[in-house]
Amino acid sequence: MPKILIIEDEQNIAQMYKEKFEKANFVVFLAFNAKDGILLTKKEKPDLILLDILLPQEDGITFLQWLRSDPEISPIPVVVISNYEDQKIMEETSKLGVKEYLLKANYTPGQLLEKIKNYLKNHEKKSKTIDKIYQSS
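Summary of the structure given here. Remember, predicted model here, so these are calculated numbers, not experimental data.

Rules used throughout
- Residues numbered from 1 in each chain as written.
- Predicted model: local features only at pLDDT ≥ 70, side-chain atom pairs only at ≥ 80, totals over all residues.
- Heavy atoms only, no water.
- Buried < 20%, exposed > 50% of the residue type's maximum accessible area, 1.4 Å probe, protein only.
- Helix = DSSP H or I, 4+ residues; strand = E, 2+ residues; numbered from the N terminus.
- Pairing = 2+ DSSP bridges.
- Right-handed = clockwise from strand over helix to strand, strands pointing away.
- Arc of directions from axis to C-beta.
- Contact = heavy atoms within 4.5 Å.
- Polar contact = N/O pair within 3.5 Å; in protein donor to acceptor, adjacent residues only side chain to side chain.
- Phe/Tyr/Trp six-rings, centres within 6.5 Å; stacked < 30°, edge-to-face > 60°.

### Let's talk about the pairing of strand E4 (residues 78-82)
No. 1: Across the 5 residues that make up E4, a large majority, 5, are buried.
No. 2: Note that strand E3 (residues 48-51) and E4 share 3 bridges and pair parallel. By the bridge assignment for E4, Leu 51 is matched with Val 80.
No. 3: Once the chain exits E3 it traverses helix H3 (residues 60-68) before rejoining the sheet at E4, and the crossover so formed is right-handed.
No. 4: Inspection of the sheet shows E4 paired to strand E5 (residues 100-103) by 4 bridges, in the parallel sense. Following the sheet pairing, Val 79 is matched in E5 by Glu 100.
No. 5: Between the parallel elements E4 and E5, the chain passes through helix H4 (residues 87-95) in a crossover that is right-handed.

Structural data, given as structure tokens:
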């Protein structure tokens, strides 16, 4: 079962996403701030992280900087799900390797689930293709 870490400070939203993903057979971990997010990432090694940008204390950009500076966890893909729409922040997250920047208001939990399932499916196919290339060399 795929593991997802959701880093979201609004607990009711985090819980709603958690329930939706668990019904689809995901293992879900929740963090409500950047520090706990890093600790859970190191401990659980999720397949994907859903990250809000506006978090208490350290924001999502700080989380991404910490994540990318740690070789053990830096390859974990991150999708931002936030209502904060700022071009500079979007560019910064892109530089920090975010796979996609989604606006919460534009996606129902079901649509988000489908988007993440498709992303993980495509990511897995690419990984298998890369493995085959290396095995045949």
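Having seen the model, we can carry on.
### What to know about helix H2 (residues 34-44)
No. 1: Ala 34, Gly 37, Ile 38, Leu 40, Thr 41 and Glu 44 are the residues of H2 that are buried. Summarising the axial view, the buried residues of H2 lie within an arc of 165°, below the 170-degree limit, and thus occupy one face. Turned more than 90 degrees away from the buried face of H2, the exposed residues are Leu 39 and Lys 43.
No. 2: Of the surrounding elements, those touching the buried residues of H2 are strand E1 (3-7), strand E2 (27-31), E3 and H3.
No. 3: The backbone nitrogen of Lys 35 lies 3.2 Å from a side-chain oxygen of the residue at the head of H2, namely Asn 33.
No. 4: Taken from the residues just after H2, Lys 45 is the one with a positive phi, measuring 50°.

### With respect to the environment of Ile 4
No. 1: Take Ile 4: it is sitting in strand E1.
No. 2: Judged by relative accessible area, Ile 4 falls into the buried class, the value being 0%.
No. 3: When the C-alpha atoms of Ile 4 and Val 27 are compared, they prove to be 6.2 Å apart, with 23 residues separating the residues in sequence.
No. 4: If sequence neighbours within four positions are ignored, Ile 4 has contacts with Phe 21, Phe 26, Val 27, Val 28, Phe 29, Pro 46, Leu 48, Leu 50, Ile 116 and Leu 120.

### Considering the packing of aromatic side chains
No. 1: Scanning the entire structure with this criterion turns up 1 aromatic pair.
No. 2: On the numbers, 5.2 Å between centres and 85° between planes, the contact of Phe 21 with Phe 26 is edge-to-face. The same class applies to Phe 21 and to Phe 26, which are both buried.

### Let's talk about the environment of Asn 83
No. 1: With respect to the helices and strands, Asn 83 occurs in the loop between E4 and H4.
No. 2: Each C-alpha atom of the pair Asn 83 and Ala 105 lies 6.5 Å from the other, and the pair is 22 residues apart in sequence.
No. 3: Asn 83 has contacts with Leu 103, Lys 104 and Ala 105, leaving out every residue within four places of it along the chain.
No. 4: A polar contact of 3.0 Å, which involves the side chain of Asn 83, links it to the backbone nitrogen of Ala 105.

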